[in-house]
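So the chains spell out like this:
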Amino acid sequence: MSTIAAISTASGIGGIGIIRMSGKDCFEILSKFFIPKNKKMEPRGYNIQYGHIINPETKQKIDEVLVSYFIEPKSYTKENLCEIHSHGGNIIMKQILELCLENGASLAEPGEFTKRAFLNGRIDLAQAEAVIDILNAKTELEAQTAEKQLDGQLSHNIEEIRSLGISLMSNIEASIDYPEYDIEEVSKQELTDILLQIEERLEKLIKSFDNGKLVKDGIKTAIVGTPNAGKSSLLNAFLKEDRAIVTEYAGTTRDTIEEYITVNGIALKIIDTAGIRETENEIEKIGIEKSKKLIDEADLVIAIFDGSKELTCEDELILKLISSKVAIIVLNKEDIGRPSDEMLRMLQIGKPIVSISALKEIGIDSIYNEIINLFDFSRIKQDSPIMITNIRHKHLIEQARKSAQSALKTIHDKMPIDIISIQIKDMLEYLGKITGNNVSEDIIQDIFSKFCLGK
Ligand code: GDP
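Calculation rules
- Residues numbered from 1 in each chain as written.
- Predicted model: local features only at pLDDT ≥ 70, side-chain atom pairs only at ≥ 80, totals over all residues.
- Heavy atoms only, no water.
- Helix = DSSP H or I, 4+ residues; strand = E, 2+ residues; numbered from the N terminus.
- Buried < 20%, exposed > 50% of the residue type's maximum accessible area, 1.4 Å probe, protein only.
- Polar contact = N/O pair within 3.5 Å; in protein donor to acceptor, adjacent residues only side chain to side chain.
- Contact = heavy atoms within 4.5 Å.
- Axes fitted to C-alpha atoms, helices over the stretch in contact; angles between N-to-C directions.
- Parallel < 35°, antiparallel > 145°, perpendicular 65-115°, else oblique.
- Left-handed = near helix turned anticlockwise from the far one by under 90°.
- Nonpolar A, V, L, I, M, F, W, Y, C, P; charged D, E, K, R; others polar.
- Pairing = 2+ DSSP bridges.
- Phe/Tyr/Trp six-rings, centres within 6.5 Å; stacked < 30°, edge-to-face > 60°.
- Lys NZ or Arg CZ within 6 Å of the ring centre and 35° of its normal.
- Core = buried A, V, L, I, M, F, W, Y, C linked by side-chain atoms within 4.5 Å.
- Domains from an automatic or database assignment.
- Salt bridge = Lys/Arg side-chain N within 4 Å of Asp/Glu carboxyl O.
- Patch = residues over 30% accessible without salt bridge, like charges linked within 9 Å, V, L, I, M, F, W, Y side chains within 5 Å.
- Areas by Shrake-Rupley, 256 points an atom, 1.4 Å probe, with all protein chains shown as cover.
- Buried area = accessible area lost by both parts, 1.4 Å probe.

1. Quick word on the side chain of R20
Next up, step 1: Turning to its location among the elements, R20 is positioned in strand 2 (residues 14–22).
Next up, step 2: Looking at R20, the relative accessible area reads 8%, which means it is buried.
Next up, step 3: Engagement of the side chain of R20 in a polar contact is seen with the side chain of E83, the distance being 3.0 Å.
Next up, step 4: Once residues lying within four places of it in the same chain are set aside, the contact partners of R20 are I4, A5, A6, S8, Y76, L81, C82, E83, F113, G454 and K455.

Structure, rendered in structure tokens:
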């Protein structure tokens, strides 16, 4: 494989920046423009050399650097790898990268270092996916969960389930291939028992996605209310807290902004913050139709009402729309008026009610407390052995479970043993795809394209 290079640290000005190179020729390429202080020292793995980056043509010093060496296979990619620690300015890093490219390296694609780690067998696909999750983690819990996956805990669990299936397969195949040896046909009961055990373990993994999704994507939260109730002010109050995380995705068609707040270690993803902000513009208020859609999509609805006024028909409609959702009723503007008894009576729909002033930022914590009450955070955070957070994994596990169920049905219907064997083979294939067996190039491409450059 060719030698690749990229800037691995985030762009911008920093104390240090790292340019990484991986591939057979990386030390040779490096030697064209790096002059170590100790010129006699050969590259040794897990070693750092001090020296200067020099423009080989002009002999001009570009920067004073440290270079760390990793000799194959003991590196991130399992190839020869070096990391040039330069000063963290954009210009210097770009100049050093240019030197790598001019002297034989090619520019790494996003995620290519990790892709090589996968292709060279240092990590499996689920572990590679965990690397992206660690980089993108918004909360400590999300990072911890991804770390466990990188550590191989999910892969190990999947391998255990696969090995149950593999032992079944070998028994079945022996009885199909060598009937003359009179190998006792795997007893139907034994097959059924093991398949049930597999199914139960897969089921558990699928269920873990409910929490895994919340940990990874955050609790999808809709802030709804009639115009002027205070949605935009509430959003601002949330985001003013330092727990807010704003991520921006620069897209080709339009840039999107995702805003999160973290409550007790779990992220709440506020849906359609752009829409909420539009309400500052008098012309574009969020209409009931749009609220309906938001409510449908949400895991949690924060319905905000102007507590200083009586409820309007539209408010009553919103109350109806949220009746079957996990929701918090927020009475806003407590600084200028208290709700009437009649209003309080109408708001009693079995949801928690919190009184706040979004403008004065009073009572925001009581919303957080209600969120903690509504979602069983301790269960989500519980040190559960394995939690699925990736939709690709969930789909594959679901397909594997379906195959296990079909195999059970085949046994039950007293169909020939070869059919069961095909179904178990399918199941093994689906599970194998999680860790990267038999996955198509498209899927690998798709997974690594989500990485940033230099990882
Ligand atoms: P939205 O249309 O639901 O997004 O409502 P806004 O957040 O834009 O608020 C509408 C108006 O109510 C603005 O003039 C806000 O300053 C005001 N407002 C919002 N929250 C409060 C509050 O807690 N107290 C008072 N007195 N005014 C508020």
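Structure shown, so let's carry the discussion forward.
2. Considerations on the packing of helix 4 (residues 125–136) against helix 5 (residues 140–150)
Next up, step 1: Where helix 4 contacts helix 5, the axes come no closer than 8 Å and their chain directions differ by 160°. Judged by the angle between their axes, helix 4 and helix 5 are roughly antiparallel. Handedness of the crossing formed by helix 4 with helix 5: left-handed. The residues of helix 5 that touch helix 4, namely those facing A126, Q127, E129, A130, V131, D133, I134 and N136, are E142, A143, A146, E147, Q149 and L150.
Next up, step 2: Among the residues forming the contact of helix 4 with helix 5, the class breakdown is seven nonpolar, three polar and four charged.

3. A few points about the sheet that holds strand 7 (residues 106–107)
Next up, step 1: Spatially, seven strands are ordered 3-4-5-6-2-1-7 in an open sheet, and the strand pairing comes out mixed. Each of the sheet's edge strands pairs with one partner strand only, and the pair in question is strand 3 (34–36) and strand 7.
Next up, step 2: Each of strand 1 (4–7), strand 2, strand 4 (47–54), strand 5 (61–70), strand 6 (81–88) and strand 7 is contacted by helix 2 (residues 90–102), which is oriented at about 150° to strand 6, the strand it contacts most.
Next up, step 3: Each of strand 1, strand 2 and strand 7 touches helix 3 (residues 112–119); the most contacted strand, strand 1, lies at about 140° to it.

4. Some thoughts on the packing of aromatic side chains
Next up, step 1: By the definition in use, this model includes five aromatic pairs.
Next up, step 2: Aromatic side chains F27 and Y69 sit 5.5 Å apart centroid to centroid with 55° between the ring planes, which places their arrangement in the tilted category. Here F27, found in helix 1 (residues 26–31), pairs with Y69, found in strand 5; they are 42 residues apart in sequence, far enough to count as distant. With respect to class, F27 is no different from Y69; both count as buried.
Next up, step 3: Three or more aromatic residues link up through ring pairs in this structure, and these residues are F118, F448 and F451.
Next up, step 4: When the ring centre of Y76 is taken as reference, the NZ or CZ atom of R20 above it lies at 4.8 Å.

5. A few points about the nonpolar core
Next up, step 1: I223, L234, F238, I367 and I371 are the most contacted members of the largest nonpolar core, which totals 33 residues.
Next up, step 2: Among the elements that make up this core, the one with the highest residue count is helix 8 (residues 231–240) (five residues).
Next up, step 3: Counting contributing residues per domain, this core is built from domain 2 (125–217 + 390–436) and domain 3 (223–375), each supplying no fewer than three.
Next up, step 4: L154, I172, F209 and I434 belong to the second-largest nonpolar core, a separate cluster that totals 32 residues.

6. A look at the pairing of strand 6
Next up, step 1: Across the eight residues that make up strand 6, a large majority, six, are buried.
Next up, step 2: The pairing of strand 2 with strand 6 spans eight bridges and is antiparallel. Residue I16 lies in a different strand from strand 6, and its bridge partner there is H87.
Next up, step 3: Summarising the sheet, strand 5 and strand 6 pair through five bridges and their orientation is antiparallel.

7. Some thoughts on the pattern of salt bridges
Next up, step 1: For the structure on display, the rule yields 19 salt bridges.
Next up, step 2: In this structure, E173 engages K425 in a salt bridge whose closest nitrogen and oxygen atoms are separated by 3.9 Å. Note that E173 is positioned in helix 6 (residues 153–177) and K425 in helix 16 (residues 417–435), a separation of 252 residues in sequence.
Next up, step 3: Residue K425 is classed as partly exposed on the basis of its relative accessible area, which comes to 42%.
Next up, step 4: With a closest N to O distance of 3.5 Å, K450 and D446 form a salt bridge.
Next up, step 5: Given a relative accessible area of 52%, K450 falls into the exposed group.

8. Some remarks on a nonpolar patch on the surface
Next up, step 1: A contiguous nonpolar patch, built from I48, Y50 and L66 and spanning about 270 Å² of accessible area, is present on the exposed surface.
Next up, step 2: With respect to the helices and strands, Y50 occurs in strand 4.

9. Quick look at the domain arrangement of the protein chain
Next up, step 1: For the protein chain, the domain assignment lists domain 1 (4–119), domain 2 (125–217 + 390–436) and domain 3 (223–375).
Next up, step 2: Between domain 2 and domain 3, the contact holds six residues from the first and nine residues from the second.
Next up, step 3: Of the roughly 640 Å² buried where domain 2 meets domain 3, counting both sides, 68% is carbon and sulfur surface.
Next up, step 4: Applying the counting rule to domain 2 against domain 3 returns zero residue pairs in polar contact (both at pLDDT 80 or more).
Next up, step 5: A per-element tally of the side of domain 2 that touches domain 3 places helix 7 (residues 188–217) first, with three residues.
Next up, step 6: When the residues that make up the side of domain 2 that touches domain 3 are grouped by side-chain class, the tally is two nonpolar, one polar and three charged.

10. Some remarks on the environment of E140
Next up, step 1: If you trace the backbone, E140 turns up in helix 5.
Next up, step 2: A relative accessible area of 66% places E140 in the exposed class.
Next up, step 3: Each C-alpha atom of the pair E140 and L66 lies 31 Å from the other, and the pair is 74 residues apart in sequence.

11. Section: the pairing of strand 11 (residues 266–270)
Next up, step 1: Burial of strand 11 is extensive: four of the five residues sit out of reach of the surface.
Next up, step 2: In terms of strand pairing, strand 8 (residues 219–224) meets strand 11 through three bridges, oriented parallel. Looking at the pairing, I219 lines up with L268 of strand 11.

12. With respect to the side chain of S86
Next up, step 1: Within the secondary structure, S86 sits in strand 6.
Next up, step 2: A residue is classified by how much of its surface remains accessible, and S86, at 2% relative accessible area, is buried.
Next up, step 3: Residues in contact with S86, not counting those within four places in the same chain, are G15, I16, G17, I19, D63, V65, I92, M93 and I96.

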